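# Residue-level structure breakdown
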Amino acid sequence: MEEVDVEPSTTLIPGAGFHQKHLGFEWGPGDLLVYETNYKLQGPRSASSPSVHVVRRDEDICSPILRKLFNESHLIFVGLQKIKEDVPSKNKKSQFVSISKNYRSVIRACMEELQQNAGKRSPDTHHVSILLAIELIWNLCEVLFIDAAPAGSLLLHLLDWVRLHKSDVDTRAREVLQSDSPAQHQSYWDVPAGTQTLTEFDVKWRHWHEECDRCLQDNTFASNRHLETICKILVGDEDTLLEQRELLSTWYHFLVTRLLFTHPTIKPPDLHYYAQSSMNMFLGPRASPEPLDIILLSAFEFDLHQVIKDCSIALNNWWFVAHLTDLLDHCKLLQSHNLQCVSHIRSSYLSYMHVCVSLWQLAVDYFDHCPEFGRVYLELQIERVPLDTERKAIKVLRICEDRQMSEQVRSICKIMAKRALRNNRLGSALSWSIRAKDAAFATLISERFLQDYSNKGFFTDLDLLDNLGPAMLLSDRLTFLGKYREFHRLYGEKRFSEAARLLLSLMTAKIAPRSLWMTLLTDALPLLEQKEVIFSVDQTYELMSCLEDCFSSVFQDEDIESTKTELLRLALARNLAMAIVKEGTIET
Amino acid sequence: MDPIAKYISQKISKTRWRPISPALLQRPEVFATGSWDNESNRVSIWSVGDHGVSNTDSEFDEEPQLLCDSQHDGDVMDLQFLDQDRLVSASSSGAVTIFKLQPDCQSLSLAHVWERAHWYSCDNAPCTAVVCRSPEVVSVGEDGRVILYKADQTEVVRVIENADSSTIHAVTFLRTTEVLTVNSIGQLKMWDFRQQSDSPAQILSLTGGRVPLHCVDKHPNQQHIVATGGQDGMLYIWDVRQGNTPFSLIEAHSAEMWEVHFHPSNPNHLFTCSEDGSLLHWETTSGSDMSTLLQRGWNSRVVSHSAVPLAGEDDSVVSAWLAGDSSKNRLEATHMLPNQTLSVNSLDVLEQCLVCGTDGEAVYVHRQVPV
């Protein structure tokens, strides 16, 4: 457990905690709920305020410019994940470097925009300085770790790095140096970038360095103080360099300058000697290094783990650590014991992002690439996205279906179906149940339809019922509903024999609920009373047996039902008679 | 040429070009965006084009600049320009709002709002789509109602109750008094406002399928040709005169298709955008070979259509969409966005300019679409 370096700050909650009331609290995803309890340390009890306060962190995660950072970097992150494993490593390195540069350009774009808007809001200046630090560290990591510059070009890259961050100093330095530089120094600036081998360059450079030294010893420039200073600088005299402290505003600028003039062919492992000593020399005995300095020093020492750890603590910005560690992970620079670290960092980033509720879609891609618990977190998270409109629910469902999260699909569809049912949108409710393949709910909705039919005497939502299609088979009750509607349609179209057959099959196949058998039989009445015989003998016998089944099992209210039963029995008997005659007649 | 991306820090649900007056030969320069899923949503007006700065670095000139915006209550579910100065929006709160844009585009203000035009008794019913043909406006919603308004009247002109038992996702005008709606059980319904009854004049649907349909667009010149897209990402082309099945089914996207648009002046081009993060530009080459145009449709699911043009129709007017064979490269699709983004929710195309918006909070503008 890390020790707390600073005193925790107090936040005043207006309207709470009066009269020494104790406050209760509950953590939320990005905020804190605070409420007054009845408990009081001393004094008589009094009514507490009924309000619940939502306390949110001061940092405006949802600020437009930070959102831009999140969105643009998300695109880069997703692209990075897609880089295939089997590409040869040399190509991959250049890809990783370009991805790193992409990230940095996004940071810089954000920074510029923040600087443009600065002055209007003070938290922005805070963000600007954090982004500056982030870019500085990221750039250094890119040079040292991702690009892994070898001995010759290492210093060139470091020069670029320093130049990028202290551009104004560099121009002034150049002016000072170039205005007085003798011709022989011109050759120095034409540092060969790969045209000579390292040793060749080293030899040449030593030769040149010795010449400079000799010039100094011979007091060639004794007449001109400026030239002498310049010569001392070129030789790499530390004291002279330190005198130019205002020009070199930071110790790492001092470090790079020093290396430029004393060890241009510095090898990466030797870097940290000079780094430590440069920092000590520059800062002097009194000043203590700031967190940023410590981070940079760890980087120069190639202690990646320490860099990440210190960044996590010092910079209160999970975005940076999460994306940098991800990139380093892809470069295979993190050892296995760091992977837990990566996982933890990513989860922290996700909870950080969660404060801005709109970013839930971005979070999904991060969850996908979270080792170990990503899937579980996503399952929990996705069910809690508020579903205000159908369109949003459709998007959430797409995410779940793409990842085979069938539990979540079912629960979301159930929520939408219930809401539709509550608003009397039976068609929508049925659509949602069909999507979730939720037979139980489909049955419930069918029952509602049938109830409506019993009450009103006609079907509502015909456009739905007539077009159920294969979805009808989801539940027995639903199938019955569809077929029953079809029966009515057939009857309406006067296709009586088909209607009769359908009606009979509904009863004999036993998909009709018992409670509706009487209704079905009553529906058979008009068919029985047609002039033409519709039901055959066999069908009539079946109807009769159905009627007897009904009569014996269902009835409670004998009076009403017995009249209907009598009518039915009569009609059935008559039909039977006519059918026997018809079937017995031989056509001549 | 790649489109220009601009991150605007709000998820974009709709983007629409402001109509250009036909008299002036201008390129489209102004477009509107609507946001969704924010704590406070906005309708914004942007300008892309010469800002009067002659700069060699032409890239930055072209980046959209915010001109003005206005607060919007609820998600912007749909956005349509009624005319040059007025914008209609459909809200997730069930409201339909008319915004007025000042001629110099310096401010956007609320002109009129029909609160809770779509409603449930105990809840908000989002208004899902709106379509305009000045001065008439038609809106549809999750409550299954179709509502007709006149822009200058405060009262609603007509409400078709229970037009649909499921959610209506999109609507388009076919003729002056006819609209076509699509719903979440895969049906297209035609409504004629001249008829008194509240039932549709015609219903078309896919037999054997209940794919929810999310978008619909009509061919600019030929009223009977309609394109729809839905949950399965397939593009359906229908001939509404001819019955119950779509003419063509084309596999377009791997996820829900959110919008489909015929190009308004060059209808051999069609654009679709989808939840899978892609925006496709479809081109049908109606070549000089007229006989191939009259061949049978794209795939075997097409049931019947005449091989010869209907009597009285000019040969040259037979649309390339109703004939032709996709396997013989008569239909080409190109991706318009450089890489896959989060869902592309909306697109609009006018002349040679295309604008689209994504859930990744980015607007893409392409000003040299090859049409």
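An account of the accompanying structure is given in this report. (Residues numbered from 1 in each chain as written. Chains lettered and ligands numbered in written order. Predicted model: local features only at pLDDT ≥ 70, side-chain atom pairs only at ≥ 80, totals over all residues. Heavy atoms only, no water.)

Turning to the overall build of chain B, a few remarks are in order. Each helix and strand in chain B was counted, giving two helices and 28 strands. Here chain B, with 371 residues, has 61% of them falling under the buried criterion. Within chain B, residue pairs in contact and separated by at least 24 positions form 53% of the contacts whose partners lie at least 6 positions apart. Accessible surface computed for chain B: about 14,200 Å², of which carbon and sulfur atoms make up 47%. (Helix = DSSP H or I, 4+ residues; strand = E, 2+ residues; numbered from the N terminus. Buried < 20%, exposed > 50% of the residue type's maximum accessible area, 1.4 Å probe, protein only. Contact = heavy atoms within 4.5 Å. Areas by Shrake-Rupley, 256 points an atom, 1.4 Å probe, with all protein chains shown as cover.)

Per the secondary structure count, chain A includes 27 helices and three strands. Considering chain A as a whole, with its 588 residues, one finds that 48% of them fall into the buried category. Per element, the accessible surface of chain A, about 30,800 Å² overall, is 54% carbon and sulfur.

Residues and elements named next belong to chain B. Strand order in the open sheet formed by four strands is S2-S3-S4-S5, with antiparallel pairing between adjacent strands. At either end of the open sheet lies a strand with only one pairing partner, and these are strand S2 (12-17) and strand S5 (65-72). The mean angle between the axes of side-by-side strands here comes to 20 degrees, regardless of whether they run parallel or antiparallel. (Pairing = 2+ DSSP bridges. Axes fitted to C-alpha atoms, helices over the stretch in contact; angles between N-to-C directions.)

Here we come to empty space enclosed by the protein. Residues and elements named next belong to chain A. Counted by the stated rule, this structure contains seven cavities of 30 Å³ or more. Taken together, 11 residues form the lining of the second largest cavity, with Leu66, His127, Ile130, Asn317 and Tyr352 sitting closest to its centre. Going through the elements one at a time, helix H1 (64-81) and helix H3 (122-146) are the ones with two or more residues in the lining of the second largest cavity. Across the lining of the second largest cavity, the residue classes tally to seven nonpolar, three polar and one charged. (1 Å grid on protein atoms, 1.4 Å probe; cavity = no way out; pocket = protein on both sides within 12 Å on 5 of 7 lines; lining within 4 Å. Points joined across faces, edges and corners; volume = space filled by probe spheres on them. Nonpolar A, V, L, I, M, F, W, Y, C, P; charged D, E, K, R; others polar.)

Below, the discussion takes up the packing of helix H10 (residues 251-262) of chain A against helix H11 (residues 271-283) of chain A. All names here are of chain A. At their nearest, the axes of H10 and H11 sit 9 Å apart, and the two run at 125 degrees to each other. By the criterion of interaxial angle, the relationship of H10 to H11 is oblique. The crossing of H10 and H11 is right-handed. Here Trp251, Phe254, Leu255, Arg258 and Leu259 of H10 lie close against H11, whose contacting residues are Leu271, Tyr274, Ala275, Ser277, Ser278, Met279, Met281 and Phe282. Partitioned by chemical class, the residues of the contact of H10 with H11 number 10 nonpolar, two polar and one charged. (Parallel < 35°, antiparallel > 145°, perpendicular 65-115°, else oblique. Left-handed = near helix turned anticlockwise from the far one by under 90°.)

Here the focus is the packing of aromatic side chains. Residues and elements named next belong to chain A. Inspection of every chain in the model, using the stated rule, returns 25 aromatic pairs over all chains. Ring geometry for Tyr103 versus Trp138: centroids 5.0 Å apart, planes at 45 degrees, classification tilted. Of this pair, Tyr103 sits in helix H2 (residues 89-117) while Trp138 sits in helix H3, and the two are 35 residues apart along the sequence. Overall, Tyr103 belongs to the buried group, its relative accessible area being 0%. Residue Trp138 is classed as buried on the basis of its relative accessible area of 0%. Ring geometry for Tyr491 against Phe496: centres 5.3 Å apart, planes inclined by 65 degrees, an arrangement best described as edge-to-face. What makes Tyr491 partly exposed here is its relative accessible area of 27%. Residue classification places Phe496 among the buried positions, given a relative accessible area of 19%. (Phe/Tyr/Trp six-rings, centres within 6.5 Å; stacked < 30°, edge-to-face > 60°.)

Residues and elements named next belong to chain A. Judged by side-chain polarity, Leu33, Tyr35, Val52 and Val54 come together as a nonpolar surface patch covering roughly 340 Å² of accessible area. At the level of elements, strand S2 (31-40) and strand S3 (52-56) are the ones that each hand at least two residues to the nonpolar patch. Looking at the element boundaries, Leu33 is found in strand S2. For Leu33, a relative accessible area of 37% gives the class partly exposed. (Patch = residues over 30% accessible without salt bridge, like charges linked within 9 Å, V, L, I, M, F, W, Y side chains within 5 Å. Salt bridge = Lys/Arg side-chain N within 4 Å of Asp/Glu carboxyl O.)

Glancing now at the sheet that holds strand S13 (residues 158-160) of chain B. Backbone-to-backbone hydrogen bonds join strands into a sheet, with any given pair of strands oriented parallel or antiparallel. All names here are of chain B. Overall, antiparallel pairing links the four strands, which are arranged S10-S11-S12-S13 in an open sheet. Across the chains shown, the open sheet's two edge strands, defined by having one partner strand only, are strand S10 (127-133) and S13. Taking the axes of each pair of neighbouring strands and ignoring which way they run, one obtains an average angle of 15 degrees across the sheet. Across five bridges, the pairing between strand S11 (residues 136-141) and strand S12 (residues 146-150) is antiparallel. Looking across to S12, one finds that Val138 is bridged to Leu148.

The tally for this structure, following the rule as stated, stands at 42 salt bridges over all chains. The salt bridge involving A:Arg375 is made with A:Glu379; its shortest N-O contact spans 3.1 Å. Of the two residues, A:Arg375 and A:Glu379 both sit in helix H17 (residues 374-382), four residues apart, roughly one turn of that helix. Overall, the relative accessible area of 23% leaves A:Glu379 in the partly exposed class. For the salt bridge of B:Lys189 with B:Asp164, the shortest nitrogen-to-oxygen distance reads 3.4 Å. Separated by 25 residues along the polypeptide, B:Lys189 in strand S16 (residues 187-192) and B:Asp164 in the loop between S13 and strand S14 (168-175) bring together distant segments of the chain. The same class applies to B:Lys189 and to B:Asp164, which are both buried. One salt-bridge network, held together by shared partners, links A:Lys101, A:Arg104, A:Arg108, A:Glu135 and A:Glu142.

Listed by partner, the interface residues are 41 residues for chain A and 51 residues for chain B. On the surface where chain A and chain B come into contact, there are six salt bridges. The residue A:Lys395 makes a salt bridge to B:Glu275 at a minimum N-O spacing of 3.2 Å. Seen at the junction of chain A and chain B, the total is 34 residue pairs in polar contact (both at pLDDT 80 or more). Of all the secondary-structure elements, those providing two or more residues to the side of chain A that touches chain B are H1, helix H16 (360-368), helix H18 (390-402), helix H19 (406-422), helix H20 (426-436) and helix H22 (462-465) of chain A. Of all the elements, H1(A) adds the most residues to the side of chain A that touches chain B, at eight residues. Of the residues that constitute the side of chain A that touches chain B, the class distribution is 13 nonpolar, 10 polar and 18 charged. (Polar contact = N/O pair within 3.5 Å; in protein donor to acceptor, adjacent residues only side chain to side chain.)

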